[in-house]
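Observations on chain architecture
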Number of protein chains: 2
Amino acid sequence: MTERSITQFDLPTGFIDLGMGNPDLALLPIDALRQSAEAYFSANDPRPLQYGIEQGNGYFRLALAEFLTEAYGASVEPDLLFVTSGASAALDLLCSLFTRPGEVIFVEEPSYFLALRIFEDHGLRVVSIPMDDEGLIVDALEGALAEHSPKFIYTIPTFQNPSGRTLTQARREKLVALAQQYGFLIIADEVYHLLAYGQPPPPPLAAFVKDVKQVISVNSFSKILAPGLRLGWIQAHPAMISKLVGCGMLDSGGGMNPFVSALALGLIETGGLTENIAGLRAEYSRRLGIMDAALKTHFPEAVYTLPKGGFFFWVRLPGRDMKEMRRNVKKYDVDYRPGALFSSREEMQDFMRLSFCFYSSPEIEVGIERLKKCLPSI
Amino acid sequence: MTERSITQFDLPTGFIDLGMGNPDLALLPIDALRQSAEAYFSANDPRPLQYGIEQGNGYFRLALAEFLTEAYGASVEPDLLFVTSGASAALDLLCSLFTRPGEVIFVEEPSYFLALRIFEDHGLRVVSIPMDDEGLIVDALEGALAEHSPKFIYTIPTFQNPSGRTLTQARREKLVALAQQYGFLIIADEVYHLLAYGQPPPPPLAAFVKDVKQVISVNSFSKILAPGLRLGWIQAHPAMISKLVGCGMLDSGGGMNPFVSALALGLIETGGLTENIAGLRAEYSRRLGIMDAALKTHFPEAVYTLPKGGFFFWVRLPGRDMKEMRRNVKKYDVDYRPGALFSSREEMQDFMRLSFCFYSSPEIEVGIERLKKCLPSI
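In this section: the overall build of chain A. Each helix and strand in chain A was counted, giving twelve helices and 13 strands. Here the C-alpha atoms of chain A give a radius of gyration of 21 Å, agreeing with the 21 Å that 2.2 N^0.38 yields for 378 residues. Residue burial in chain A is summarised as follows: out of 378 residues, 63% are buried. Within chain A, contacts between residues at least 6 apart in sequence are counted, and of these 74% link residues at least 24 apart. Roughly 13,700 Å² of accessible area belongs to chain A as shown, and the carbon and sulfur atoms make up 50% of that amount. Taking the average place of the 35 positive charges on the side chains of chain A and the average place of its 44 negative ones, the gap between the two points comes to 4 Å.

Given below as structure tokens:
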């Protein structure tokens, strides 16, 4: 039979694409999922195979709330959780429900380039707000509010994709205050929050949702368990949960992922999720150190802040046009993502995004060596 | 622990809601799914847990194409299939990609009321086209084209929800010709096509997609396997498949349901899906006969055409206001769906939709008896 594709990216054997934002196939917890599938089927409960309740299985939301309460160190209520089929589907749903084509939204500069494509599909006008080492420059956002009335700001507050930066607590508070004052939503993509490799980040923006209607936290099992499950959650104020639950798509199809929720439920209850995240943190932390050392060896001129969590190094090679340089790179069996991809204003030309999560430590070392060959010092 | 909801509708014990469009919990094939889960996990392939290829797992599409080729009696190509997370999510995606708020679409009168809610969320202006016993009146549609330029028509061509009617072959051909001539899309919801209880219906509108860009067939495993899987497919022309595959949501999140596709793949390959459908047909066919007999006994004045497939009886009680009558009905521990719910123009007042699939034969008999008590003859 002809070879057919299963995964989103099929790379030639031996090729090292350091730009990949996917988790490592070898780290996907197939054994833990097998166990939770066995537990689900031995309980013989057909209800998760029926149309599911719109907000998501109540027992799953309870287990998830308990897990998050522990992980966030602050109480999370099951009734403020809404089960999704992943962060991308959640962003799409939020755009459908809260925006109309032509409306303005704010994003960070740089930002996750594939979220930008979702906003484009919805005909939204994107205005970007600069960042510095403390994350989004909230004063710049305040300035932009004089000119624009955004429907929402899309932010990745913790271990941002691509920059790795984390918004400080003071700025989080100011951002939320501005959203309340000016009446725009904050869509916080918090999918990297639980992947901290050193000291914990400030509390997630999810911590505000109980009191603040404007904050919507989007999260996912893709980075902490397995992307193929297409399972995620939104944490938001009851007023926002009601809007999600009442939409036509859910009224018709029911909850977004009932069967998979039932499998994940077992995995949370047995501690398998906590264990998986601990394992990922340990392994990713090692790989982060390896990439840092390799960059220091081969690219002493590189400018970057060591990431404290997430998936990415955001590396500046001053004066280089990384989009232009990429034309040559594939013949060295290596790749990265050029900074311009993450810019809404065609800037960031001398940056590249590298992931330290998709490849094993030895592959990371080989990859950086190859990069050096095709990007010799000027 | 407090009782929490898992399914979309929790009915009090003993209550018989003959309006329900869900499959019977007791008929959901949990054993077949257990077997396919065991087969998946014993093969130990982590790829379906990774971000999936946008169009859907190639092996799953191949197996589905072979199954459909057999079921439709005409060749179906895997490359014209696109895997979705159910028909509702598919309709939502098609609205996002192909419409803008304020645009006109056509629907059948009556039509599936929850699809109408999806169109409403997208700000679409709905114009309804009448039906008769041969399905959508295509000449009426042609007339409406003088006044409107619809973006698409949403049709349920076979065993329609709620009317049970099936579009004739001659009308199918004329509808497709009009779509080509006037450049509107046909979104054909074909989720009941494989549930025929007598002679087979005309070929699905999916049979046209190879040659006709305008036809998009939406289908699902919800009625033929289990709704909780949130798994479905679109069959369309390559030009349309490209548009779906290239959208921002999929570029970001990958294929819509990779892990569940891998489980369903095993179920198709072992013949479990074919067997399940055969079982459903046999059981639903019996229930159809029981409901028909009970209606004839208790409602001799009822006007309806015996459905030849699908889930529903569309029953007219001439002169009754079924929305008004419904106020009393719940105290008899029984319910139905009033016809007005399915109308885009506040008509169909003396119709009701009854399902013969959700309840066992004895429950159907009791349900119709109860209905008789609260809807005595005039």
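Following the structure, the description resumes.
Superposing chain B onto chain A takes a rotation of 180 degrees plus a shift of 0.0 Å along the axis, which leaves an RMSD of 0.0 Å. Expressed as a symmetry operation, the mapping of one chain copy onto the other fits a two-fold axis. The share of interface residues of chain B whose copies in chain A are also at the interface is 100%, consistent with both copies meeting through the same surface.

Checked against the element boundaries, Gln-8 of chain B lands in the segment before strand S1 (16–17). Expressed as a C-alpha distance, the spacing of Gln-8 of chain B and Ala-207 of chain B, which sit 199 residues apart in the sequence, is 33 Å. Residues contacting Gln-8 of chain B, with those up to four places away along its chain left out, are Tyr-51, Gly-52, Ile-53, Glu-54, Leu-250, Asp-251 and Gly-254 of chain A. One polar contact links the side chain of Gln-8 of chain B to the main-chain carbonyl oxygen of Asp-251 of chain A, over a distance of 3.0 Å.

Our next topic: the sheet that holds strand S3 (residues 104–109) of chain B. Residues and elements named next belong to chain B. Taken together, eight strands build an open sheet; the order of strands is S2-S9-S8-S7-S6-S3-S4-S5 and the sheet is mixed. Unpaired on one side and paired on the other, strand S2 (81–84) and strand S5 (135–136) mark the two borders of the sheet. Relative to strand S6 (residues 152–155), S3 runs parallel, the two being bridged by two bridges. When the bridges of S6 are listed, Val-107 appears paired with Tyr-154. Along the sheet face, helix H2 (residues 58–72) touches S2, strand S8 (215–220) and strand S9 (232–236) and points at about 110 degrees away from the line of S2.

Glancing now at the packing of aromatic side chains. Residue and element names in this part refer to chain A. Enumeration according to the criterion identifies 40 aromatic pairs over all chains in this entry. Consider the rings of Phe-119 and Tyr-154, whose centres lie 5.3 Å apart with planes at 70 degrees: the pair is edge-to-face. Of the two residues, Phe-119 sits in helix H4 (residues 113–121) while Tyr-154 sits in strand S6 (residues 152–155), which places them 35 residues apart along the sequence. Taken individually, Phe-119 and Tyr-154 each receive the classification buried, so the pair is uniform in this respect.

Residue and element names in this part refer to chain A. Running from amino to carboxyl end, helix H10 (residues 272–298) crosses helix H12 (residues 361–374) at an angle of 25 degrees, the nearest separation of the two axes being 9 Å. Classified by the angle between their axes, H10 and H12 sit roughly parallel to one another. As for how H10 packs across H12, the hand of that crossing is right-handed. Listed contacts from H12 to Arg-287, Ile-290, Met-291, Ala-294, Leu-295 and His-298 of H10 are Ser-361, Ile-364, Glu-365, Ile-368, Glu-369 and Lys-372. Class assignment of the residues belonging to the contact of H10 with H12 gives a composition of six nonpolar, two polar and four charged.

We now examine the pairing of strand S8 (residues 215–220) of chain A. Residues and elements named next belong to chain A. S8 sits mainly inside the fold: six of its six residues count as buried. Alternating positions in S8 separate into two faces, Val-215, Ser-217 and Asn-219 on one and Ile-216, Val-218 and Ser-220 on the other, with burial throughout. Looking at chain direction, strand S7 (residues 185–189) and S8 are connected through four bridges and run parallel. Across the sheet, the residue bridging to Asp-189 is Val-218, located in S8. Summarising the sheet, S8 and strand S9 (residues 232–236) pair through five bridges and their orientation is antiparallel.

This part takes up the sheet that holds strand S13 (residues 351–355) of chain B. Residue and element names in this part refer to chain B. Taking strand neighbours across the sheet as the criterion, the three strands line up as S10-S13-S12 in an open arrangement whose pairing is antiparallel. Looking at the sheet topology across the chains shown, the edges are occupied by strand S10 (312–316) and strand S12 (337–338). Here two bridges tie S12 to S13, and the two strands are oriented antiparallel to one another. Paired with Pro-338 across the two strands is Met-352, which belongs to S13.

With that out of the way, let us pick up the environment of Ser-85 of chain B. All names here are of chain B. Structurally, Ser-85 is set in the loop between S2 and helix H3 (87–98). A residue is classified by how much of its surface remains accessible, and Ser-85, at 9% relative accessible area, is buried. C-alpha separation for the pair Ser-85 and Gln-160, spaced 75 residues apart in sequence, amounts to 21 Å. With residues near it in sequence (within four places) discarded, Ser-85 still touches Arg-230, Leu-231, Gly-232, Met-256 and Asn-257.

Residue and element names in this part refer to chain A. Contact geometry for helix H2 (residues 58–72) and helix H9 (residues 258–269): axes closest at 9 Å, N-to-C directions at 35 degrees. Of the two possible hands of crossing, H2 and H9 adopt the one that is left-handed. Judged by residue contacts, Tyr-59, Phe-60, Ala-63, Leu-64 and Phe-67 of H2 engage Ser-261, Ala-264, Leu-265, Ile-268 and Glu-269 from H9. Here the residues of the contact of H2 with H9 are counted per class, giving eight nonpolar, one polar and one charged.

Attention now goes to the pattern of salt bridges. Residues and elements named next belong to chain A. Enumeration over the complete set of coordinates arrives at 44 salt bridges over all chains. Taking the shortest distance from any N to any O, the salt bridge between Asp-45 and Arg-47 comes out at 2.9 Å. Notably, a salt bridge pairs Asp-79 with Arg-61, separated by 3.6 Å at the nearest N-O pair. Remark: Arg-61 occurs in helix H2 and Asp-79 occurs in the loop between H2 and strand S2 (81–84); sequence separation between them is 18 residues. The structure contains a network of salt bridges with shared partners spanning Asp-17, Arg-326, Lys-330, Asp-335 and Arg-337.

Let's shift gears to the domain arrangement of chain A. Residues and elements named next belong to chain A. Parsing chain A into structural domains produces domain 1 (8–21 + 274–377) and domain 2 (31–270). With centres defined by C-alpha atoms, the gap from domain 1 to domain 2 works out at 26 Å. At the junction of the two partners, domain 1 supplies 27 residues and domain 2 supplies 28 residues. Taken together, the two surfaces of domain 1 and domain 2 that pack against each other cover about 2,400 Å², and 59% of this comes from carbon and sulfur. For the pair domain 1 and domain 2, the interface holds zero salt bridges. The tally of links between domain 1 and domain 2 comes to twelve residue pairs in polar contact (both at pLDDT 80 or more). Mapped by element, the contributors of at least two residues to the side of domain 1 that touches domain 2 are H10 and strand S10 (312–316). Taken together, the residues that form the side of domain 1 that touches domain 2 break down as 13 nonpolar, nine polar and five charged.

Residues and elements named next belong to chain B. Buried residues dominate S10, accounting for four of its five residues. Pairing of S10 with S13 involves five bridges; the strand directions are antiparallel. Across the sheet, Trp-314 pairs through a bridge with Arg-353, a residue of S13.

Turning our eyes to something else, we now look at the interface of chain B and chain A. At the junction of the two partners, chain B supplies 75 residues and chain A supplies 75 residues. Carbon and sulfur atoms supply 59% of the area that chain B and chain A bury against each other, a total of about 6,900 Å² over both sides. Considering only the surface of chain B that becomes buried against chain A, Ile-6, Gln-8 and Tyr-51 of chain B emerge as the three largest contributors, covering 12% of it. Where chain B packs against chain A, one counts two salt bridges. Of the charged contacts in the structure, one is a salt bridge between Asp-251 of chain A and Arg-117 of chain B, with a shortest N-O distance of 2.9 Å. Among the elements that take part in the side of chain B that touches chain A, helix H1 (residues 30–43) of chain B stands out by supplying seven residues, more than any other. The residue inventory of the side of chain B that touches chain A, partitioned by class, reads 36 nonpolar, 24 polar and 15 charged.

Conventions we followed
Residues numbered from 1 in each chain as written. Chains lettered and ligands numbered in written order. Predicted model: local features only at pLDDT ≥ 70, side-chain atom pairs only at ≥ 80, totals over all residues. Heavy atoms only, no water. Helix = DSSP H or I, 4+ residues; strand = E, 2+ residues; numbered from the N terminus. Rg over C-alpha atoms; globule rule 2.2 N^0.38 Å. Buried < 20%, exposed > 50% of the residue type's maximum accessible area, 1.4 Å probe, protein only. Contact = heavy atoms within 4.5 Å. Areas by Shrake-Rupley, 256 points an atom, 1.4 Å probe, with all protein chains shown as cover. Lys, Arg positive; Asp, Glu negative; His and termini not counted. Charge placed at Lys NZ, Arg CZ, Asp CG, Glu CD. Least-squares fit on C-alpha atoms with pLDDT ≥ 70 in both. Polar contact = N/O pair within 3.5 Å; in protein donor to acceptor, adjacent residues only side chain to side chain. Pairing = 2+ DSSP bridges. Axes fitted to C-alpha atoms, helices over the stretch in contact; angles between N-to-C directions. Phe/Tyr/Trp six-rings, centres within 6.5 Å; stacked < 30°, edge-to-face > 60°. Parallel < 35°, antiparallel > 145°, perpendicular 65-115°, else oblique. Left-handed = near helix turned anticlockwise from the far one by under 90°. Nonpolar A, V, L, I, M, F, W, Y, C, P; charged D, E, K, R; others polar. Salt bridge = Lys/Arg side-chain N within 4 Å of Asp/Glu carboxyl O. Domains from an automatic or database assignment. Buried area = accessible area lost by both parts, 1.4 Å probe.

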